[in-house]
Structures are given as structure tokens and as C-alpha cells.
Amino acid sequence: MWKCPKCGREFKNKEQDHYCGEPPKTIDAYIASQAEDIQPRLREVYATIKAALPDATEKISWQMPTFWKGQNLIHFAAFKKHIGLYPGSEAVIAFADKLTDYKTSKGAIQLPNNKPLPLELITEIALWCGKENAK
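Basis of the calculations
Residues numbered from 1 in each chain as written. Predicted model: local features only at pLDDT ≥ 70, side-chain atom pairs only at ≥ 80, totals over all residues. Heavy atoms only, no water. Helix = DSSP H or I, 4+ residues; strand = E, 2+ residues; numbered from the N terminus. Buried < 20%, exposed > 50% of the residue type's maximum accessible area, 1.4 Å probe, protein only. Core = buried A, V, L, I, M, F, W, Y, C linked by side-chain atoms within 4.5 Å. Contact = heavy atoms within 4.5 Å.

Under an unreviewed UniProt entry, the protein has the name YdhG-like domain-containing protein and belongs to uncultured Sporomusa sp.

Asker: So what's going on with unusual backbone geometry? Which residues, and what values?
Answerer: The phi dihedral of Trp62 falls on the positive side, at around 55°, and the residue is not glycine. Along the polypeptide, Trp62 turns up in the loop between strand S3 (57-61) and strand S4 (64-68). Overall, the relative accessible area of 72% leaves Trp62 in the exposed class. In the Ramachandran plot, Gln63 falls in the positive-phi region, its phi being about 60° despite a non-glycine side chain. Note on placement: Gln63 falls in the loop between S3 and S4.

Asker: Give a detailed account of the nonpolar core, specifying residues and quantitative values.
Answerer: Ranked by size, the top nonpolar core spans 36 residues in total, and within it Ile49, Leu53, Phe67, Ile74, Phe76, Leu85 and Ile125 carry the most contacts. For this core, the secondary structure elements donating two or more residues are helix H1 (27-32), helix H2 (39-52), S4, strand S5 (72-78), strand S6 (82-86), helix H3 (89-94), strand S8 (108-112) and helix H4 (119-132). The greatest single-element share of this core, amounting to six residues, is contributed by H4. Among all residues touching Phe67, those that are not within four sequence positions of it are Ile27, Tyr46, Ile49, Lys50, Leu53, Ala56, Thr57, Glu58, Asn72, Leu73, Ile74 and Phe76.

Shown next, in the form of C-alpha cells:
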């Protein structure tokens, strides 16, 4: 077990990502709570999804920034080596041919922090999620 030196919580994984204290309640607060070097990338992802889904409600769900319209449409989150984009498994299947340069798993896409963000692709995926997930 690993114990966080800041908050004292214990985790199975060493240096487990978590929030010490109260988790952020808004997407802006979530971004502000992340490492300074990743914040500009998170703001780009946020602005891109927000532009694609202007009618979606913004919230924190599963401790991640989330766009919601009747149900969760798409999430994103910061990690040490990547930004996770979570459009759901059907979106990952639908965009499989455009995701060959990225690590994917069921419902998740990893956007490495050492590569430019695929903002056009994020827009396409967000629009797809807005259409398909809001049914």
C-alpha cells in the first residue's frame, strides 16, 4: 500500500493519481488543479469539445470533466504521460481507422503529451458523441 504524504489516504498503486481534499466541482477548477505544464493542453481539449457541443451541460463525473446531455457524452482527464479522452466504446470502434496512431482501449483514447493534440479529430469525435449518445 502507498500512503499519500499530503492527505494520508492509502492506495494499492504507488503514487496513485487522486485528489487531496475536495475534488474540483467545475471543469475550470479541474484544469487549475492539474500540473502547470499540462493545463494549456487541457484548455485546448476543453475548448474544442465545448465548441463542438455548445448545448451540452458541463460537469464533473467520475472525477473527470464531462459533457452531458441526458447522459454522459464525452469525458477527458489528465495523466502523467497523456490526456485520456473517453467517448465510449462505440465511438472508439467508429473512429478506429483514424485512431491507429493512438493507444486505445474499450471506450478510451490516449493522447500522448509529447505529440500535438489532434483537435480536428477531437471535434469529429465530440460531434459524433453529441449525435449518437444524446439519442
